[in-house]
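Structural overview for review
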Amino acid sequence: MPPRGHGRGFYWFLLAMVAAAGLFLVAADKPWDERLTRLTAMREAAGKPWKVEQLVTYDEWLAALGNLVLAVALFATLRRWARPLEKARPAPAPPGGRGGRRWLLLGLGAAVLIGAHFRAQRLDHSFWSDEEYTFRTHIWGQMEEGDDGALVHQPVPWRDTLFRNKANNHIGFTAPARVLHAAWANGGRPVVEAAVRILPFLSGLAAIALAGFLVARYAGVLAGVGVALLWALVPWPIQYASDARGYSQMLLFLLAAFLFLGQALESHRWRDWLAFGLAEFLVMLSYPGAAYVLAIANAMAFGHIWWGMRGEADRSVVLGRLVIVNLLSGMLFLQIFAPSIPQVLHYLKHGPLHGEMSVDWFRHVWVYCSTGLPVDNPWPAEHLGASFLSESGRLPGYWAFHLPVMLGLVAVGAAAAARRHRALLIPGLATLLGVGLSFAHNSLSGTLVWPGYVVFIVIGFCLFAVIGTVSLASLVARTDSRRQQVAAALLASFLALYAATTARARSELCTLPTQPIRQAVELARGESPAHGDGGGLLTGSFGTSRGMVTTYDPRARVLKSEAALLELISEARRSNKRLRIYLCGRRVAEGQEVDGKILAIVENPDQFRTVGAVLARSELFSYHVYEWIGDAHTAHTGD
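Residues numbered from 1 in each chain as written. Predicted model: local features only at pLDDT ≥ 70, side-chain atom pairs only at ≥ 80, totals over all residues. Heavy atoms only, no water.

So, about the overall build of the chain. A count of helices and strands for the chain gives 27 helices and seven strands. Here the C-alpha atoms of the chain give a radius of gyration of 27 Å, agreeing with the 26 Å that 2.2 N^0.38 yields for 639 residues. In terms of overall dimensions, the chain has a C-alpha envelope of 90 × 70 × 45 Å along the principal axes. Put simply, the chain has 639 residues, and 55% of those count as buried. For the chain, the share of sequence-separated contacts (at least 6 apart) that also reach a separation of at least 24 residues comes to 74%. Accessible surface computed for the chain: about 27700 Å², of which carbon and sulfur atoms make up 62%. The average position of the 59 basic charges and that of the 47 acidic charges among the side chains of the chain differ by 13 Å. (Helix = DSSP H or I, 4+ residues; strand = E, 2+ residues; numbered from the N terminus. Rg over C-alpha atoms; globule rule 2.2 N^0.38 Å. Buried < 20%, exposed > 50% of the residue type's maximum accessible area, 1.4 Å probe, protein only. Contact = heavy atoms within 4.5 Å. Areas by Shrake-Rupley, 256 points an atom, 1.4 Å probe, with all protein chains shown as cover. Lys, Arg positive; Asp, Glu negative; His and termini not counted. Charge placed at Lys NZ, Arg CZ, Asp CG, Glu CD.)

See the structure below:
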């Protein structure tokens, strides 16, 4: 018979897990299937990685077997770990009184509106490299030219949406984004950026409110509203709240995990622990790179329980709940992510992201976090973007504000939280220390990590910067009312200064696509996406992310060699068609062996002329378009 209380719910849940895992093991394809074992032997003999089909069969089956064993073990020990607390604790109270909650809602509402203003302007921007790859490989598919010259849509199999993963498939984003895009684009528009970005956009707005609510619960309404306003202004969350990736959802679910963990450590209720576990699962499904933060947060929670509840009879019960929710969360995640693990490991071992990481990486991470700009942005004549160094030369005090001052405020905020708002130490320190753990792990494994992958640092950045600013009021004011007035003045001054110094970064984010593929195709073909009959125009592409143009121009040939360009020129000569070439990242192409040879041909004035350029925020993603002028050295007509 099932136990009473919370144990009854776990009894039926675990029983359902055992039944589901058992049925899956019986009904699913078996790893020892003759066709599969033959295919595996062939690919291993050829030294090739496994296909997604093989990985799904093997790893999903093994994950189900492991989950079955764990579910049975949990079921057998249910009465031990699901026992009730000896001493019940009240649920945490909501932040502020009735008047405080009114001001909190008004402040959070204003922050969300400010955040929506900046983020909404990016919804229809052209996809950039990672977004385009995700859209083509995991969400929509691509158009392919048939034998009759007509374009045919080749959709992505759902198996690829869920299980194909070269270390960059954020499954918690791609699966719902596919559904949203299919519903939104049902009217016949095949590439609708806003349909794919709406989920990160809404997650980004919710994160503004949740960040403010989390801080208000423990540090007061003023600090909560300040964090929400700062979050709305920081350029990094603005970018990720409108990028077709899983980072925005990760930030939202990470904030939710911190909120529920704080409540669980206060009340010890199962509902709060289970909500924390569910949030962890959603974080990992949105972006597994946040595992560094969750590992530190759980270690800090363990320490809080171990030392904070010393001598209490319920300590072992609460520790058991922490372990159980992490185990259940991990079981759910493993069942979905198991086929991705060998693919990710293979990519990290054989992919291009190898090299030594230097301590200077931390400077790049901080500058990106604080300003939303790269430290340097080379070749300024060939792009439209700013950099930390260029802004430092343009604005007096810019360098000092974003480095020593901001670092100092974060340090003061961490100290103030340790003294008066200890519940905020876990979200603040876990995200900051998570950056260090990411650096240490990837340094040991020889993997290079782009600073944008540790975007979770913005949680600790916003939280401690605001608390640090507000806490300075205690240095000059003695009474509570006076401290509140001074704190409000300091916070308003800080936010105004931050808004002013980061105005250019936000303006660039709102007006300049990261990689203007759509605009480059429109320059070359007159329309974008170019899904028509081709109009007697041949196109080719080389340079940075050369294959990314194909979503907007499916007929473009991806030029991987000098011979490929010469063959395309020969085809244009035979067919008497015009030929235009896309180049993305001209300066980078100069330094590449293959791209450098192609560049020498297209910049030969006897063979090609320049049609125009579409500049981005960096030279890396800026486009140049060239046209073959033909053997007679005269330009084709019909632009």
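Let us look at the sheet that holds strand β3 (residues 537–543). One open sheet holds the five strands; their spatial order is β4-β3-β5-β7-β6, and the pairing between them is mixed. Of all the strands in the sheet, the pair left with one neighbour each is β4 (557–558) and β6 (608–614). Bridging between β6 and strand β7 (residues 623–628) involves six bridges; their strand directions are antiparallel. Its bridge partner lying in β7, Phe608 is registered against Trp628. Sheet strands in contact with helix α25 (residues 562–575) are β3, β4, β5 (578–584), β6 and β7, and its direction is about 170° off that of β3. Here helix α27 (residues 593–602) sits on the sheet in contact with β3, β5, β6 and β7, set at roughly 135° to β3. (Pairing = 2+ DSSP bridges. Axes fitted to C-alpha atoms, helices over the stretch in contact; angles between N-to-C directions.)

This next bit is on the pattern of salt bridges. Enumeration according to the criterion identifies 22 salt bridges in this entry. Across the pair Arg504 and Glu508 runs a salt bridge whose closest N-O atoms are separated by 3.3 Å. Linking Arg504 with Glu508, this pair stays in helix α23 (residues 503–511), spanning four residues, or about one helical turn. Taking the shortest distance from any N to any O, the salt bridge between Glu567 and Arg574 comes out at 3.5 Å. Residue classification places Glu567 among the partly exposed positions, given a relative accessible area of 42%. Residues participating in the shared-partner salt-bridge network are Glu382, Arg586, Arg587, Glu590 and Glu603. (Salt bridge = Lys/Arg side-chain N within 4 Å of Asp/Glu carboxyl O.)

Here the second largest pocket is characterised by a volume of approximately 430 Å³. Along the wall of the second largest pocket there are 19 residues; nearest its centre are Ala219, Leu222, Val470, Gln484 and Ala487. Counting residues per element, the ones that place at least two in the lining of the second largest pocket are α10 (221–233), α19 (398–420), α21 (457–471) and α22 (480–501). Residue classes in the lining of the second largest pocket are distributed as 11 nonpolar, five polar and three charged. (1 Å grid on protein atoms, 1.4 Å probe; cavity = no way out; pocket = protein on both sides within 12 Å on 5 of 7 lines; lining within 4 Å. Points joined across faces, edges and corners; volume = space filled by probe spheres on them. Nonpolar A, V, L, I, M, F, W, Y, C, P; charged D, E, K, R; others polar.)

To continue, consider helix α12 (residues 247–267). Its 21 residues give α12 an end-to-end C-alpha distance of 30 Å, which sits within 8% of 30 Å, the value for a rise of 1.5 Å per residue. Of all 21 residues in α12, 19 are buried, a share of seventy percent or more. Backbone geometry just downstream of α12 places His268 in the positive-phi region, at approximately 65°. (Expected span 1.5 Å × (residues − 1).)

Judged by nonpolar contacts, the single largest core of 136 residues is most densely connected at Trp231 and Trp273. Looking at this core element by element, the count peaks at 14 residues for α12. Excluding its chain neighbours within four sequence positions, the residues that come into contact with Trp231 are Arg119, Ala207, Ile208, Ala211, Pro237, Leu251, Leu255, Val458, Ile459 and Cys462. (Core = buried A, V, L, I, M, F, W, Y, C linked by side-chain atoms within 4.5 Å.)

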